[in-house]
Amino acid sequence: MSEKPAEKSEQWVELPNCKGQAGEIKLNDDLTNATVATCKPGPKSLSEKPAEKSEQWVELPNCKGQTGEIRLNDDLTNATVATCKPGPKSF
């Protein structure tokens with residue numbers, strides 16, 4: 001008899017906020033450990049100093065359709081993570 005390979009789970013789970021307990025694996029800001037994290041950072045306390053705001057910007061290159069590109073949304077909602085922008089539109 002041949003065994004069926006295990007099916008990949010596509011289930012999404014909301015992680016609880018970390019409480020500083022032993023054994024917790026905090027979700028990294030860049031999500032690189034999303035498959036093993038057991039909790040997410042909780043909301044910031046009002047007593048914490050806010051991060052310094054940067055007024056710097058960079059010009060994104062035009063998207064080329066390559067693997068791993070993150071296209072800038074038209075409404076700029078993903079501007080902090082986009083790696084490229086749509087190229088000029090043809091008329």
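Residues numbered from 1 in each chain as written. Predicted model: local features only at pLDDT ≥ 70, side-chain atom pairs only at ≥ 80, totals over all residues. Heavy atoms only, no water.

N78 sits in the buried class, given a relative accessible area of 12%. At 2.8 Å, the side chain of N78 forms a polar contact with the backbone oxygen of R71. Not counting residues within four places of it along the chain, the set of residues in contact with N78 comprises I70, R71, L72 and N73. (Buried < 20%, exposed > 50% of the residue type's maximum accessible area, 1.4 Å probe, protein only. Polar contact = N/O pair within 3.5 Å; in protein donor to acceptor, adjacent residues only side chain to side chain. Contact = heavy atoms within 4.5 Å.)

Per the stated rule, a full pass over the model turns up 3 salt bridges. We note a salt bridge from E14 to K40, for which the minimum N-O separation is 2.2 Å. K40 sits in the partly exposed class, given a relative accessible area of 24%. Between E59 and K85 there is a salt bridge, and its shortest N-O distance comes to 2.2 Å. A relative accessible area of 53% means that E59 is categorised as exposed. Note on K85: relative accessible area 23%, which makes it partly exposed. (Salt bridge = Lys/Arg side-chain N within 4 Å of Asp/Glu carboxyl O.)

The values reported here are purely geometric and, on their own, carry no functional implication.
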